[in-house]
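Remarks on the overall topology
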Amino acid sequence: MDRRDAFRLNALTSGHRACSGCGQAMGARMVGDLIGPDAIVVNATGCLQVFTTHNAQTAWQVPWLHSVFANAAAVASGVEAALRGLPRHARVVVQAGDGGTFDIGLQCLSGMIERGHDVLFVCYDNEAYMNTGVQRSSSTPHAARTTTSPPGRLSEGKHHLKKDLLSIIAAHHMPYAATASVAFFPDLKAKVEKAMSLHGPRFLQVFSPCPLGWDHDAAASVQVARLAVETGVFPLVELEYGAVTSVMRLAQPRPVEEYLRVQGRFQHLFADARGAEEIRHLQALTDTNIRRYGLLEAPTAWDTDEAGRVERGGRGGYASPRAEAPS
């Protein structure tokens, strides 16, 4: 381990057993390297835990604890409390999937935030229980096919809407919360750095495609993640103490159909008139996202084109905006 340069650390190193094109592996590698070696990671049960630690082997090069699905935030709270007596100590980070965040671990996450623990909670959102067989979670989007929400004569996939977790998190009025994507590394980098510069509870939801569960080509993971942002399906936003402080503007908004068409989990929607109606419904839900966060008219130079550029030695479009657009 080279501790002089965080980008040489590779908190998550090679040799793990993630599927080809796994968005969660990409996200964890990015976030882990940005945080650096002075951190203690608490990992909830899930894909990330399964493919990085197997039969007494580990791909982690930082202190790492495995918790059960439900209590990662509670374990991290205890670790953070135990470290307070030391003059200098590592920061505490939780990693979990959407099952361990949206569903099973939500109670402990809420308690950790309410008590004000100095912990960064990172949710790698791949929108289902992937490691146990692609069952639907409350993060699974409406009309998606999973093994427990199959389309058929009476169904067009999952009936329910994706849980608006960010609004639940915002209701805690915590210092910092944000959404990020593996397709926009400069934006992700800026948000991790901002989160680590603050103290108190912080939350980051990283959109992480799953080629296995979403049924797309492994080489298309970044493309799928980018389309989710460019269509407005997954807005990139920041909140401080419950209020939205910045959003990534859509430079060239695209129809939601482009995002759906590249994934097998939505292919049943293109088969008949019922599916076409669901596509219109999903476009309406996306339009609601766009209006709610002002994704078309946000007064910032930080948009989906600018944020995709990586300047040598710089942070990219978000962290170093060149100019504010006219209000």
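All values derive from a computational prediction rather than experimental measurement. (Residues numbered from 1 in each chain as written. Predicted model: local features only at pLDDT ≥ 70, side-chain atom pairs only at ≥ 80, totals over all residues. Heavy atoms only, no water.)

1. Concerning the pairing of strand β6 (residues 119-125)
Summarising burial for β6: seven of the seven residues are buried, a large majority. The pairing of strand β5 (residues 91-97) with β6 spans six bridges and is parallel. Across the sheet, residue Ala96 finds its bridge partner in β6, namely Cys123. The pairing of β6 with strand β8 (residues 202-207) spans six bridges and is parallel. (Buried < 20%, exposed > 50% of the residue type's maximum accessible area, 1.4 Å probe, protein only. Helix = DSSP H or I, 4+ residues; strand = E, 2+ residues; numbered from the N terminus. Pairing = 2+ DSSP bridges.)

2. With respect to the UniProt feature "domain: Thiamine pyrophosphate enzyme TPP-binding" (unreviewed entry) in the protein chain
The residues that UniProt annotates with the feature "domain: Thiamine pyrophosphate enzyme TPP-binding" (unreviewed entry) are residues 45-206. Strand forms 20% of residues 45-206 and helix 31%; the C-alpha atoms that close the span are 17 Å apart. (UniProt positions renumbered as here; feature names shortened; annotations may be inferred.)

3. Regarding the sheet that holds strand β1 (residues 39-43)
Sheet strands line up and pair through hydrogen bonds in the backbone, either parallel or antiparallel. Taken in spatial order, the eight strands line up as β4-β1-β5-β6-β8-β7-β9-β10 in an open sheet, and their pairing is mixed. Both edges of this open sheet fall to β4 (64-66) and β10 (243-247), since each of them pairs with a single strand only. Direction aside, neighbouring strands of the sheet carry axes that sit 20 degrees apart on average. Sheet topology note: the β1/β4 ladder contains three bridges and is parallel. Pairing of Val41 across the sheet is with Trp64, part of β4. In this fold helix α4 (residues 72-83) packs onto β1, β4, β5 and β6, with an angle of close to 175 degrees to the strand it touches most, β5. (Axes fitted to C-alpha atoms, helices over the stretch in contact; angles between N-to-C directions. Contact = heavy atoms within 4.5 Å.)

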